[in-house]
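Fold and contact review
Listed here are the chains, written in short residue letters.
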Amino acid sequence: MDKRVFLLDAMALIFRAYYALISSPRITSKGRNTNAQFGFTNALIDLINNQRPSHMAVCFDTEAPTERHIDFAEYKANRQEAPEDLISSLPDIKAIVKGFNIPCVELDGYEADDVIGTLSKQAEAVGYEVYMVTPDKDYGQLVTERIHIYKPGYQGGLAEILGPKEVCEKWNIKEVAQVIDILGLMGDAVDNIPGIKGVGEKTAAKLLTEWGTLENVVANGENIKGALGEKVRAGKELALMSKKLATIITNVPVEFHEENFRLKEWDRDALNEVFTALEFRTLGKRVLGESWGAGGGYTAPEGVQTDLFGNTVKPAGGKKREAAKSNGKPEQVKLEQLEEATTRLEAAVERGEENQEGGEPGEGGAAPDEAAAVVPHGSRNIYNTPHSYTAVVGEKAIGELVGLLKQQSEICFDTETTGIDPNDAELVGLSFSYQPGQAWYVPCPADQGKVREILDAFRPLWDSDSIVWIGQNLKYDWLMLKWYGIEPRGPIFDTMLAHYVIEPEGKRNMDLLSAQFLGYEPVHIEELIGKKGKGQGNMRDVELEKIKDYAAEDADITLQLKQAFFLQLKKKAVEKVFYEVENPLVRVLTDMEFEGIRVDMDFLREYSKELEREARQAEERVYQQAGERFNLSSPKQLGEVLFEKMQLDPKAKKTKTGQYATGEDVLLKLAVRHQIVDDILAFRELTKLRSTYVDALPLMVNRKTGRVHTSYAQAVAVTGRLSSNNPNLQNIPIRTERGREIRKAFIPRNEEFVLVSADYSQIELRIVAGISGDPNMCAAFREGKDIHTATAAKVFGVEEKDVTKEMRYKAKSVNFGIIYGQGAFGLADNLGISRTEAKEIIDNYKKQFAGIQRYMDSTINFAREHGYVETLVGRKRWLRDINSGNFTIRGFAERNAINSPIQGTAADMIKLAMIKVHQEFRQQGLRSKMLLQVHDELVFDAHKEELDIIKPIIMRCMQTALPLPCEVPATAEIGSGINWLEAH
């Protein structure tokens, strides 16, 4: 175990790390993409922790040309440019590697695989077990009994270790030396190694089975019959050159130094510096411990609590504080000294004195000497920043605070509660702030009657129309208050939503926003109640002094974030979507979540039994057809039955873990070949429906109301769409009959009500028509035609009355696919037709609906020029990669440029409709309530006596919420029933 060396192919691993996170990039507060750094570091740490190597090195390519470039000028010439973010990550990654005290090895004139090949042979010669860490197949030529390929798992897959047996099986060859022969024959498109034109992997393996080596193959070209012989003879010189290009050099002038490559203690200071710069907070704590950060790798003594940046906070006993001085060693500080320093700070704030750097208290600048003496230098926090946080206890003190707050035009507000579910939590306290550095905390007792008395004391504030309420995720606070009968009337400014429209792809945790925009590190909740899990405490149990500082700081920091975001909204020109869409929607969602929806427990109980019975029947049918019993829920066992025993697909693909792929997409294509596949799919659907919905819904019923209260996430989807959880309503099935049955479980609150469902009809296509201005598509919608039939008639050149069901289906696929970047390959795969036919359909579509193509082209051009696209309301999506030199990255951004205005406008439209409906219902004092929003559908609990009143209101509000260009109508359909399915 003490002679195991791991040699990492840096660039291959960095590329994998970067692209693994491409759909959800990690962006720092300064706008840097850290996909590559984050992914590579995680892979490195996992390798060290799980494999426990004794020695390690990371090998890099250089930009200098190699002998291969001299021999063949086109070598790697067709490789696209590496993404700019990836290139800029290399200095960070090298700094991280060096921080782990691992050598970086590179040499001009040679590639990383040459360096690794040489080091592998040297290490093997002195008795080491060698693992070449790479996903690159070319390394197979180096494999021996002591030299292996270690292929890391990808996106959750397991790692593979390949020895001679695995390499030979993979290539269908007899010995690993033939890897370079097979590469020489077939070439390598990635490296632009030509090989013999028309010879692929299987043909190359067949030739080598007969002739042994590439040299023998080309020498016997005259003896190879037919077209293959002609190819071999014509490609002889290129084949020999290709083998040379594919051969990894093993005599590079580098040396395997046993001691240099031995894993040693990490340079914690160096890692601390780079992790801090890259904002790897969680990863930093994972690697360096709880106290990593600005303290220079300092680890607090046992029993001392530290914040995310290594700054010491109150010990659990409250008896003393520990501080890291500039030398990194802890020093005890008497509590009396700290309290004296804090008192002077609070007094300075009350007097309005300026701090040492001339800034206003709470707005930046250095802390006074007293604070600097008791905490390490680093991020601003509660211990080194002037502030005045006051606990307000008693009727008199509360009255004085109310009088003070009544004079303000804006108040920042926050609640502390006993839990994260506002429908099942109790108030622990209220915090208020109206100027930076100053805040008040009002504790609330366990006696809920007294809590209501405290809230009533603030009635002059709640009932004011003129006070603007500021908060972070105010929907939570408003919902908490609503359970106590309080509904603040004034307008709101939600900082979470402000940041959402400013930066749709950013993270919105208040602590992160504070660090990013204010340079301030707030107290973390874990410091009060412990880490998440069974052992986490309750805010009710936290002593007043601690919770006062924590809660008041929240209000103070949120107020300061409001000031920062107020300017950003104007600068980014997203004020309209913030003030007219997102902010007003908070009250709507608050009311919807408060209402919840009733579920039919009896129906769910019976349906669960029915699904279980049908699933068991489907399972038995599978076993009968397979001729054996096995674990049907095991992809491995299922793959072996389908593809080895039953031979349903000789070309069956395997996953990265070596198992056969048995996903739904694979099985759907096999369904026509054998009835067993239909039964497998039925079993999967039945078991998933039962576990995910039918058996889960009763567990989500609120103990107070007897209803299910979903929670809407307003600031998650970058397109502006709402998402929901507990339960996730967006995933309630609708495409299958069994799935649709689940909607029967959602029922009205009592016999006096029915459910009403209103759904936009083909809204995204209508938006496409409107914003593209395509005359044919706009006319079809204005004339009330079936858009897919109208499209088919144009594409296939027939009268609408002659459009067949198959034609309409194909047209529908094009309508929905082309605006999401689907090409001929994707359409052919979806429809089961040839690429030639698919290309012809797409070409005809573009001719008949030329406005769609113009929209796509003009939108991409706009994005390239401005860096963003926007919806009709002005919701923006920033596309930082739209001008990337890497066509894969750029293509991803271009698809988002086309999609986002469409999906975003649909999101804006239904949000505006919800706001309008909510306002009209309230103005008319209706008993009917809006309950759910699912995609383009709204669901209502409608009082039977109000049905004729609310249906026209709902339809009008939905159809006029956001007028589309070119007079394209936004049509909606509405229905009612005794359950959601019947209403829909």
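Keep in mind the model is a prediction, meaning the values are calculated, not measured.

Our focus in this paragraph is the overall build of the protein. Within the protein one finds 40 helices and 25 strands. Here the protein holds 984 residues, and 53% of them are scored as buried. Carbon and sulfur atoms make up 49% of the accessible area of the protein, which totals about 44,300 Å².

Another aspect to go through is the pairing of strand 5 (residues 147–151). Across a regular strand the side chains alternate sides, sitting on one face of the sheet and then on the other. Taking burial as the measure, the five residues of strand 5 include four buried ones, the bulk of the element. The pairing of strand 4 (residues 129–133) with strand 5 spans four bridges and is parallel. Bridge assignment links Val130 to a residue of strand 5, and that residue is Ile147.

What follows deals with the packing of aromatic side chains. Applying the stated criterion across every chain yields a total of 31 aromatic pairs. Ring centres of Tyr845 and Phe849 lie 4.9 Å apart, and the angle between their planes is 35°; this geometry places the pair in the tilted category. The pair formed by Tyr845 and Phe849 is uniform in burial state, with each residue classed as buried. Connected via pairs of aromatic rings, a cluster forms that spans Phe413, Phe432, Phe458, Trp462, Trp469 and Trp478. Its guanidinium or amino end placed over the ring of Phe566, Lys562 lies 4.8 Å from that ring's centre, counting from NZ or CZ. The ring of Phe753 carries the charged tip of Arg749 above its face, separated from the ring centre by 5.3 Å.

Strands sit in the order 3-2-1-4-5-6 across an open sheet of six strands; the sheet is mixed. Where the open sheet ends on each side, the last strands, each with one partner, are strand 3 (104–105) and strand 6 (160–162).

Right, let's get into the pattern of salt bridges. Summed over the entire model, instances satisfying the criterion amount to 59 salt bridges. Across the pair Asp188 and Lys137 runs a salt bridge whose closest N-O atoms are separated by 3.7 Å. Of this pair, Asp188 sits in the loop between helix 7 (179–186) and helix 8 (201–211) while Lys137 sits in the loop between strand 4 and strand 5; the two residues are 51 residues apart in sequence, bridging distant segments of the chain. We note a salt bridge from Lys785 to Glu800, for which the minimum N-O separation is 3.0 Å. Here Glu800 lies in the loop between helix 33 (787–796) and helix 34 (805–818) and Lys785 lies in the loop between helix 32 (775–782) and helix 33, a separation of 15 residues in the sequence. Under the relative-accessibility criterion, Lys785 is labelled partly exposed at 34%.

Quick look at the sheet that holds strand 10 (residues 410–417) now. With respect to topology, six strands assemble into an open sheet ordered 9-12-11-10-13-14, the strand pairing being mixed. Each of the sheet's edge strands pairs with one partner strand only, and the pair in question is strand 9 (388–391) and strand 14 (492–494). Averaged over neighbouring strand pairs, the angle between their axes works out to 25° when direction is ignored. As judged from the three bridges shared by strand 10 and strand 13 (residues 468–471), these two strands associate in the parallel manner. Among the inter-strand pairings, Cys412 is bridged to a residue of strand 13, identified as Ile470.

Side chains of Phe566, Leu567 and Tyr579 sit close together on the surface and give an oily, nonpolar patch of about 310 Å² of accessible area. Here Phe566 lies in helix 24 (residues 544–571). Its relative accessible area of 42% is what places Phe566 among the partly exposed residues.

A separate point is helix 2 (residues 35–51). Residues separated by three or four positions in an α-helix point in the same direction, a consequence of the helix having 3.6 residues per turn. Compared with the 24 Å implied by 1.5 Å per residue over 17 residues, the 24 Å span of helix 2 between its first and last C-alpha is a close match. Here helix 2 lies mainly inside the structure; 12 of its 17 residues are buried. Those residues of helix 2 lying buried are Asn35, Ala36, Gln37, Phe38, Gly39, Phe40, Thr41, Asn42, Leu44, Ile45, Leu47 and Ile48. One or two residues past the end of helix 2 sits Arg52, with phi positive at roughly 50°.

Mapped onto the fold, Thr789 is located in helix 33. Residues contacting Thr789, with those up to four places away along its chain left out, are Glu800, Val803 and Arg808.

With that out of the way, let us pick up unusual backbone geometry. In this structure, the amide linkage connecting Asn726 to the following residue, Pro727, adopts the cis form with an omega of 0°. Of note, Pro727 is situated in the loop between strand 18 (723–725) and helix 30 (737–740). Not every positive phi belongs to a glycine, and Arg52 is a case in point at roughly 50°. Owing to a relative accessible area of 56%, Arg52 belongs among the exposed residues under this scheme.

Before going further, it helps to examine the confidence of the model for the protein. Scored by pLDDT, the protein comes out at a mean of 85, with 90% of its residues at no less than 70. Predicted confidence is poor over residues 293–378, with pLDDT under 50, and the contacts of this stretch with residues over four places away or in other chains come to 149 contacts.

At a minimum axis distance of 9 Å, the contact between helix 2 and helix 4 (residues 84–99) shows a crossing angle of 25°. In terms of orientation, helix 2 lies roughly parallel with respect to helix 4. Of the two elements, helix 2 crosses helix 4, and the hand of that crossing is right-handed. Residues Ala36, Gln37, Phe40 and Thr41 of helix 2 pack against Ser89, Asp92, Ile93, Ile96 and Val97 of helix 4.

Our focus in this paragraph is the environment of Phe565. The residue Phe565 is located in helix 24 in this model. Assessed through its relative accessible area of 0%, Phe565 is described here as buried. Placed 68 residues apart in sequence, Phe565 and Leu497 show a C-alpha to C-alpha distance of 9.9 Å. For Phe565, the residues in contact, after removing those within four places along its chain, are Phe493, Thr495, Ala498, His499, Ile502, Leu513 and Phe517.

Its 17 residues place the ends of helix 37 (residues 850–866) 24 Å apart at the C-alpha level, agreeing with the 24 Å of an ideal helix rising 1.5 Å per residue. Within helix 37, the full set of buried residues consists of Gly851, Ile852, Tyr855, Met856, Thr859, Ile860 and Ala863. Close packing links the buried residues of helix 37 with helix 31 (763–772), helix 32, helix 34, helix 36 (835–848), strand 21 (868–870) and helix 38 (887–923). Once helix 37 finishes, Gly867 follows within two positions and takes phi at roughly 85°, a positive value.

For the rest of this paragraph, the subject is the environment of Met480. Looking at the secondary structure, you find Met480 in helix 20 (residues 474–482). For Met480, a relative accessible area of 0% corresponds to the buried category. Residues within four places of Met480 in sequence aside, it is in contact with Thr415, Thr417, Pro422, Ala425, Glu426 and Leu427.

It is worth spelling out the pairing of strand 24 (residues 937–943) at this point. Summarising burial for strand 24: seven of the seven residues are buried, a large majority. Note: strand 20 (residues 753–760) against strand 24, seven bridges, orientation antiparallel. Bridging from a neighbouring strand, Ser757 pairs with Val939 of strand 24. Relative to strand 24, strand 23 (residues 929–934) is paired through five bridges, and the arrangement is antiparallel. What sits directly across from Val934, in strand 24, is Glu937.

Here we come to the packing of helix 37 against helix 38. For any two helices packed against each other, the geometry comes down to the angle between their axes and how far apart the axes lie. Packing of helix 37 against helix 38 brings their axes to within 9 Å, and their N-to-C directions diverge by 110°. Of the possible angle classes, the one that applies to helix 37 and helix 38 is roughly perpendicular. Contacts from Tyr855, Met856, Thr859, Ile860, Ala863 and Arg864 in helix 37 reach Glu894, Ala897, Ile898, Pro901 and Ile902 in helix 38. Residue composition of the contact of helix 37 with helix 38, grouped by class: eight nonpolar, one polar and two charged.

What counts, and where the lines are drawn
Residues numbered from 1 in each chain as written. Predicted model: local features only at pLDDT ≥ 70, side-chain atom pairs only at ≥ 80, totals over all residues. Heavy atoms only, no water. Helix = DSSP H or I, 4+ residues; strand = E, 2+ residues; numbered from the N terminus. Buried < 20%, exposed > 50% of the residue type's maximum accessible area, 1.4 Å probe, protein only. Areas by Shrake-Rupley, 256 points an atom, 1.4 Å probe, with all protein chains shown as cover. Pairing = 2+ DSSP bridges. Phe/Tyr/Trp six-rings, centres within 6.5 Å; stacked < 30°, edge-to-face > 60°. Lys NZ or Arg CZ within 6 Å of the ring centre and 35° of its normal. Salt bridge = Lys/Arg side-chain N within 4 Å of Asp/Glu carboxyl O. Axes fitted to C-alpha atoms, helices over the stretch in contact; angles between N-to-C directions. Patch = residues over 30% accessible without salt bridge, like charges linked within 9 Å, V, L, I, M, F, W, Y side chains within 5 Å. Expected span 1.5 Å × (residues − 1). Contact = heavy atoms within 4.5 Å. pLDDT = per-residue confidence, 0-100. Parallel < 35°, antiparallel > 145°, perpendicular 65-115°, else oblique. Left-handed = near helix turned anticlockwise from the far one by under 90°. Nonpolar A, V, L, I, M, F, W, Y, C, P; charged D, E, K, R; others polar.

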